[in-house]
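Here is how the chains run, residue by residue.
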Amino acid sequence: MKTHIFPDYPQLCQAVAQNVINCVNAKPNALICIAGGDTPLGVFAALVEAQKQGHVDFSHTQFLGLDEWLGLSKADKGSCREMVWHHFFDKLTLRDKQICFFDGLTTHPQEECQRVDRYIDQHGPIDCIVLGIGMNGHIGFNEPGASLDNTCHVIDLDAVTQAVSVKYFDTQRNVQQGISLGLKTILAAKKIVLMASGEKKAGIVAQTVNHPASRDIPSTLVKTVTQASLYVDKAAANALE
Ligand code: F6R
């Protein structure tokens, strides 16, 4: 897996955004998936600016949500839906039919998984996916030990993920489960950009690079596919040799 190291977060985000822009410019109706969470916020901003400047046109692009906390909706600050809409979708003029996103409020999670799997069957494979890395190496909500055969599924969240989740929410949440694209779908994407920023990710970035590919650290599995690259800023690359 090729590793790209950038001096700072803004330059990292520009470079990651350029991957998405190149993909959409080559295929206007591309299927794009970008993680929620803090890491891609600068990528969203760069993509919104690129559309404003006329460097890319998302009007035919399909967007797929990566994951969601079960029990949370767009009205809940810090939900994936809230973050991605607030920072990205609301700033592009997208039509509803351009977006497929998990409904965290679903009372039938298995049917919700089937709905998103059907969408991927129709529109997939994903042309370009931008992933963050969890502190425990999760990608999407594929926690340590996740199966490589999984498509969309419901997950009991790892204790690390539950503890980290408080950073997103303005009130106390007791998130215990998530709903996510599975490793099978993620690793079948035509282009995978694994992205990390900041000193706090230096340890898991080094493990991702140095540890043999293993389901114990899902981010290491990205190394097993040729179409994947790691994009990090200098701080996140701190523990790399
Ligand atoms: C969020 C997601 C997660 C995050 C990861 C890193 O949609 O899929 O895998 O990418 O937990 O989160 P941040 O970017 O907040 O450090």
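Scoring rules and cut-offs
- Residues numbered from 1 in each chain as written.
- Predicted model: local features only at pLDDT ≥ 70, side-chain atom pairs only at ≥ 80, totals over all residues.
- Heavy atoms only, no water.
- Core = buried A, V, L, I, M, F, W, Y, C linked by side-chain atoms within 4.5 Å.
- Buried < 20%, exposed > 50% of the residue type's maximum accessible area, 1.4 Å probe, protein only.
- Helix = DSSP H or I, 4+ residues; strand = E, 2+ residues; numbered from the N terminus.
- Contact = heavy atoms within 4.5 Å.
- Expected span 1.5 Å × (residues − 1).
- Near = heavy atom within 4 Å.
- Polar contact = N/O pair within 3.5 Å; in protein donor to acceptor, adjacent residues only side chain to side chain.
- Areas by Shrake-Rupley, 256 points an atom, 1.4 Å probe, with all protein chains shown as cover.
- Axes fitted to C-alpha atoms, helices over the stretch in contact; angles between N-to-C directions.
- Nonpolar A, V, L, I, M, F, W, Y, C, P; charged D, E, K, R; others polar.
- Phe/Tyr/Trp six-rings, centres within 6.5 Å; stacked < 30°, edge-to-face > 60°.

**Structural notes on the nonpolar core**
Among the nonpolar cores identified, the biggest contains 45 residues, and Val-20, Ile-32, Leu-47, Phe-58, Trp-69, Phe-88 and Phe-89 are the most heavily contacted of them. When contributions to this core are tallied by element, the ones reaching two or more residues are α1 (9-26), β2 (31-34), α2 (41-52), α3 (80-87), β6 (128-131) and β9 (192-196). With nine residues, the top contributor of residues to this core is α1. Setting aside residues no more than four positions away along its own chain, Ile-32 makes contact with Val-20, Cys-23, Val-24, Thr-61, Gln-62, Phe-63, Leu-64 and Cys-128. Phe-102, Leu-183, Ile-204 and Val-225 belong to the second-largest nonpolar core, a separate cluster that totals 41 residues.

**Thoughts on α2**
The end-to-end C-alpha distance of α2 is 17 Å, a good match for the 16 Å that twelve residues give at a rise of 1.5 Å each. Against the buried residues of α2 lie α1, β2, α3 and β9. A positive backbone phi angle near 80° is found at Gly-54, which sits one or two residues after α2.

**A look at the site of the ligand**
Looking at the ligand, there are 16 residues lining it, with Thr-39, Asp-67, His-138, Tyr-168 and Lys-201 nearest. For the ligand, an oxygen atom lies 2.6 Å from a polar atom in the side chain of His-138. The contact in question runs from an oxygen atom of the ligand to an N or O atom on the side chain of Lys-201, over 2.7 Å. The protein chains hide 95% of the 410 Å² of surface that the ligand would expose on its own.

**Overview of the packing of α2 against α3**
Here α2 crosses α3 at 35°, and the two axes come no closer than 9 Å. For the pair formed by α2 and α3, the contact residues are Leu-41, Phe-44 and Val-48 on the first element and Met-83, Val-84 and His-87 on the second. Per-class residue counts for the contact of α2 with α3 are five nonpolar, one polar and no charged.

**A short note on the environment of Leu-70**
Along the chain, the position of Leu-70 falls in the loop between β4 (67-69) and α3. Residue classification places Leu-70 among the buried residues on the basis of a relative accessible area of 16%. With 59 residues separating them in the primary sequence, Leu-70 and Gln-11 have C-alpha atoms 33 Å apart. Those residues within four positions of Leu-70 in sequence are excluded, and the remaining contacts are Gly-104, Thr-106, Pro-109, Val-154, Gln-177, Gly-178 and Ile-179.

**So, the packing of aromatic side chains**
With the rule as written, the count across this model stands at 14 aromatic pairs. Look at Trp-69 and Tyr-168: their rings are 6.0 Å apart centre to centre, the planes differ by 50°, and that puts the pair in the tilted class. Remark: Tyr-168 occurs in the loop between α5 (159-165) and β8 (177-180) and Trp-69 occurs in strand β4; sequence separation between them is 99 residues. Among the residues examined, Trp-69 registers a relative accessible area of 3% and is labelled buried. Given the relative accessible area of 17%, Tyr-168 is considered buried. Their ring planes at 75° and their centres at 5.6 Å tell us that Trp-69 and Phe-169 sit as a pair that is edge-to-face. In this pair, Trp-69 sits in strand β4 while Phe-169 sits in the loop between α5 and β8, placing the two residues 100 residues apart along the sequence. Take Phe-169: its relative accessible area is 11%, and that puts it in the buried class.

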